[in-house]
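# Examining the three-dimensional arrangement
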Amino acid sequence: MLTFTALGPFHAWSDGVPLDLGGQRQRAVLARLLVAGGRAVPVHTLIDELWPGDPPAQALSTIQGYVSRLRRALEPGRAPREEAEVLVSAAPGYALRAAPEQVDSWRFEGLVKTEGPPPQVWAAMESALGLWRGPALAEFAELTWAATEAGRLEELRLIAVERRADAGLALGRATSLVADLEAHASAHPLREEAWRLLALALYRMGRQGDALAALRRARAVWRDELGLDLSAGLRRLEADMLAQRLEEPPPPPAPSPAPSTAPSAAPAAAAGERVLRVLVADDQALVRAGLRAMLDSEDGVALAGEAANGEEAIAGVRAHRPDVVLLDIQMPHLDGLAAARRILAGERPPKVVMMTTFGSDENLYAALRAGVSGFVLKTSAPEQFLAAIRAAAVGDALIDPAVTTRLISAFAGRTDPASPPALAGLSDARLDVLKLVARGLTNRQIGQTLALPEEEVSVLVKSLLDHLGLFDRAQLVMAAYESGLVTPGDMGHFSSL
């Protein structure tokens, strides 16, 4: 099937294979017709918009040549005199004929308009946001029509982010939404809906002080930027919070229990969601109690066991077979680093996330080299711990941004006798994947960047691990930096890999 992507690098595809669309201006003709949404674009408009203010003398024949070559690329099997079916002549110009599902931006726009109950809206917004692979039409940003359309699509993307969050709050998912909403409000501080959703999410987590603080931040920004107080809606929300008269959303419906004679080992999760079993290992009883309370209050995760030192952690892994271990890096009797090495050397080991209050660079680096899935600061908010658990469980690596830059900068390019073999012999495709893993992209994001199915990316990541004799994604990150394939300046956003 012929498809077109504009939410990121502009491409046309035939059954998943990219087509050669020619040079920049020829590609711009097709992009302009895509932006028109199936309506005809007059030839004189194409000329004016492709050569603003200075069209060449032969602009008409040049446009006709572009269209001819694009038709051959899009319909290679079409007979010479047969009517085009995709890039068609439509007086007084040309039009792109495609179904909404063939064009990612058309499909995106339809999904954003979805109405219905919260589960339906949530699913639609998830699908809509999943179509984005980068800034829309960025390669044509100097052309007015492209910049205007990119701005319109970006506004729809922000609406989708907010509609997803609104549906998520209605579904009782405040905890998992806070981090994204914090980033959204910080990036777009003049958006009223961003602050409303963030404050509501914090309030529903029981963090009333943080919710009111978020509204105070919004007020300060609006006064500095606009000379205005909060909107009436946000002031009313603030008053309702202070009076504690906000209505709580109805709890999500509990799944019907399946008939069973066996006792359940963990609380029931949402329908279709597997419960992640977590072993907590820390020598401080207060830390363990806090983590136990966090796990007990969150759907989809459960406490598998506790340990007060490294030896107990190893025994707990053997006894309880958890999915994830939260392991303090500094403990008596046997420290977390030594315990992590022994846990990860076992058969079918769980994922290990190190916890640290400060931690030496040497220990944190050694932990990543050993194959832990990352580390979090003990001072992190509950949602960051839960994000770390879920990221580790699905094979991602999570490294707290507060220490990552310093750590990677200190050890990038360093020769380590235990480092994996050189990267020689890796194909360009696998090297590209390795670079993107090191820069913080998930398999889904890598697939979107390289135009590969997510399943194929997963296979490539596994082949990299096998080739380098490694077993965890975090080790791939370290291998990429140690070899010099990427440098600290390339890191970008590196908190969730």
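Predicted model only: the values in this text are computed from it and were never measured.

As a further point, take the overall build of the protein. For the protein, the helix and strand inventory stands at 20 helices and twelve strands. Across the 497 residues that make up the protein, the buried fraction comes to 49%. Accessible surface, the protein: about 23400 Å² in total, of which carbon and sulfur atoms supply 54%.

Turning next to the side chain of Asp240. Relative to the helices and strands, Asp240 resides in helix H10 (residues 232–243). Those residues in contact with Asp240 that lie beyond four places of it in its chain are Arg245 and Leu246.

What follows concerns the nonpolar core. General note: in soluble globular proteins, nonpolar side chains tend to be found buried as a group. Counting 44 residues, the largest nonpolar core has Phe108, Trp195, Leu237 and Met241 as its most contacted members. Of all elements in the fold, only helix H4 (104–112), helix H5 (118–130), helix H6 (144–170), helix H7 (174–187), helix H8 (192–204), helix H9 (208–226) and H10 reach the threshold of two or more residues within this core. Of the residues forming this core, the biggest block, nine residues, is contributed by H8. Once residues lying within four places of it in the same chain are set aside, the contact partners of Leu237 are Arg196, Ala199, Leu200, Leu215 and Leu246.

Relative orientation of the contacting elements H5 and H6 amounts to 145°, with a least axis distance of 8 Å. Of the two elements, H5 crosses H6, and the hand of that crossing is left-handed. Across the interface between the two elements, Pro118, Val121, Trp122, Met125, Glu126 and Leu129 from H5 touch Arg157, Ala160, Val161, Arg163, Arg164, Ala167, Gly168 and Ala170 from H6.

Here the focus is the sheet that holds strand E5 (residues 87–90). An order of E4-E6-E5 is seen for the three strands of this open sheet, with the pairing classed as antiparallel. On the outer flanks of this sheet lie strand E4 (41–42) and E5, each paired with one strand and no other. As judged from the two bridges shared by E4 and strand E6 (residues 93–96), these two strands associate in the antiparallel manner. Counterpart to Val41 in the pairing with E6 is Tyr94. On top of the sheet, helix H1 (residues 24–35) reaches E4, E5 and E6; it is set at about 70° to E6, its chief contact. The sheet contacts of helix H3 (residues 59–74) involve E5 and E6, and relative to E5 the element is tilted by about 140°.

What follows deals with the environment of Leu111. In this structure, Leu111 sits in helix H4. Not counting the four nearest positions on each side in its chain, Leu111 is found in contact with Ala124, Met125, Ser127, Ala128 and Leu131.

Attention now moves to the pairing of strand E10 (residues 351–356). In terms of burial, E10 is a largely internal element, five of the six residues being buried. Across five bridges, strand E9 (residues 324–328) lies against E10 in parallel orientation. Within the sheet, the bridge partner assigned to Leu326 lies in E10 and is Val353. Both E10 and strand E11 (residues 374–377) contribute to a ladder of four bridges, which runs parallel. Residue pairing for E11: Val353 is matched across the bridge by Gly374.

With respect to the helices, strands and loops of the structure, Arg191 is situated in the loop between H7 and H8. Each residue touching Arg191, except ones within four places of it in the same chain, is listed here: Glu155, Leu158, Ile159, Glu162 and His184.

Two numbers describe how H7 lies on H8: the axes approach to 9 Å, and their chain directions differ by 150°. By the criterion of interaxial angle, the relationship of H7 to H8 is roughly antiparallel. Once H7 is placed against H8, the crossing between them reads as left-handed. In contact with Ala174, Val178, Leu181, Glu182, His184 and Ala185 of H7, H8 contributes Ala194, Trp195, Leu197, Leu198, Ala201, Leu202 and Arg204. Its residues assigned to classes, the contact of H7 with H8 shows ten nonpolar, one polar and two charged.

For the rest of this paragraph, the subject is the sheet that holds strand E2 (residues 11–14). As summarised here, the arrangement of the three strands in space is E1-E2-E3, forming an open sheet in which the pairing is antiparallel. Looking at strand neighbours, the two that pair on one side only are strand E1 (2–5) and strand E3 (17–18), the edges of this open sheet. Here E2 runs beside E3; their pairing, made up of two bridges, is antiparallel. Residue pairing in the sheet places Trp13 in a bridge with Pro18 of E3.

Turning to the packing of aromatic side chains, a few remarks are in order. Overall, the coordinates contain three aromatic pairs when judged by the stated rule. Summarising the aromatic geometry, the rings of Phe10 and Phe140 are spaced 5.8 Å apart at their centres and angled 70° between planes, so their arrangement reads as edge-to-face. Of this pair, Phe10 sits in the loop between E1 and E2 while Phe140 is found in the loop between H5 and H6, placing the two residues 130 residues apart along the sequence. Phe140 matches Phe10 in its accessibility class, with the two residues each being buried. Ring-pair connections join several aromatic residues into one group, and the members of that group are Phe10, Phe140 and Trp145. Over the aromatic face of Trp132 sits the side chain of Arg157, whose NZ or CZ is 5.9 Å from the ring centroid. Taking NZ or CZ as reference, Arg173 lies 4.5 Å from the ring centre of Trp122, over its face.

What follows is about H6. Taking 1.5 Å of rise per residue, the 27 residues of H6 would be expected to cover 39 Å, and the 39 Å separating its terminal C-alpha atoms lies within 8% of that figure. Immediately beyond the C-terminal end of H6, within one or two residues, lies Gly172, with a positive phi of roughly 80°.

Looking now at unusual backbone geometry. Going from Ala91 to Pro92, the amide bond is cis rather than trans, its omega being 5°. The topology assignment puts Pro92 in the loop between E5 and E6. Phi angles above zero are rare outside glycine, and Leu137 is one such case at about 55°. Tracing the chain through its elements places Leu137 in the loop between H5 and H6. In the Ramachandran plot, Arg321 falls in the positive-phi region, its phi being about 50° despite a non-glycine side chain. In this fold, Arg321 is placed in the loop between helix H12 (310–320) and E9.

Reading the values: the criteria
Starting from 1, residues in each chain are numbered consecutively following that chain's sequence as written. Side-chain atom pairs in this predicted model are given and counted only at pLDDT of 80 or more, local residue features only at pLDDT of at least 70, and totals for whole chains, interfaces and linings cover all residues. Note: side-chain values were computed over all heavy atoms of the structure, leaving out hydrogens and water. The secondary structure listing takes helices from DSSP runs of H or I that are at least 4 residues long and strands from runs of E that are at least 2 residues long, numbered from the N terminus. Each residue gets one of three labels from its accessible area relative to the maximum for its type: buried under 20%, exposed over 50%, partly exposed in between, using a 1.4 Å probe on protein chains only. Residue-level accessible areas treat just the shown protein chains as cover; the underlying method is Shrake-Rupley with a 1.4 Å probe. Contact criterion: two residues are considered in contact whenever any of their non-hydrogen atoms come within 4.5 Å of each other. By nonpolar core we mean a set of buried residues, namely Ala, Val, Leu, Ile, Met, Phe, Trp, Tyr and Cys, connected to one another through side-chain atoms within 4.5 Å. Lines fitted to C-alpha atoms define the axes, with helix axes restricted to the stretch in contact, and inter-axis angles between N-to-C directions lie between 0 and 180 degrees. Note on convention: the crossing is left-handed when the near helix lies turned anticlockwise from the far helix by less than a right angle, right-handed when the turn is clockwise. When DSSP finds two or more bridges between a pair of strands, those strands are recorded as paired. Should an angle lie under 35 degrees it is considered roughly parallel, over 145 roughly antiparallel, and from 65 to 115 roughly perpendicular; all remaining angles are considered oblique. Residues are grouped as follows: Ala, Val, Leu, Ile, Met, Phe, Trp, Tyr, Cys and Pro are nonpolar; Asp, Glu, Lys and Arg are charged; every other residue, Gly included, is polar. Working definition: a ring pair exists when centres of Phe, Tyr or Trp rings (six-membered ring for Trp) sit within 6.5 Å. Plane angles under 30 degrees give stacked, over 60 give edge-to-face, the rest tilted. Placement of a charge over a ring requires the Lys NZ or Arg CZ to be within 6 Å of the ring centre, with the centre-to-atom vector within 35 degrees of the ring normal. Here, expected helix span is obtained from the residue count minus one, scaled by 1.5 Å.

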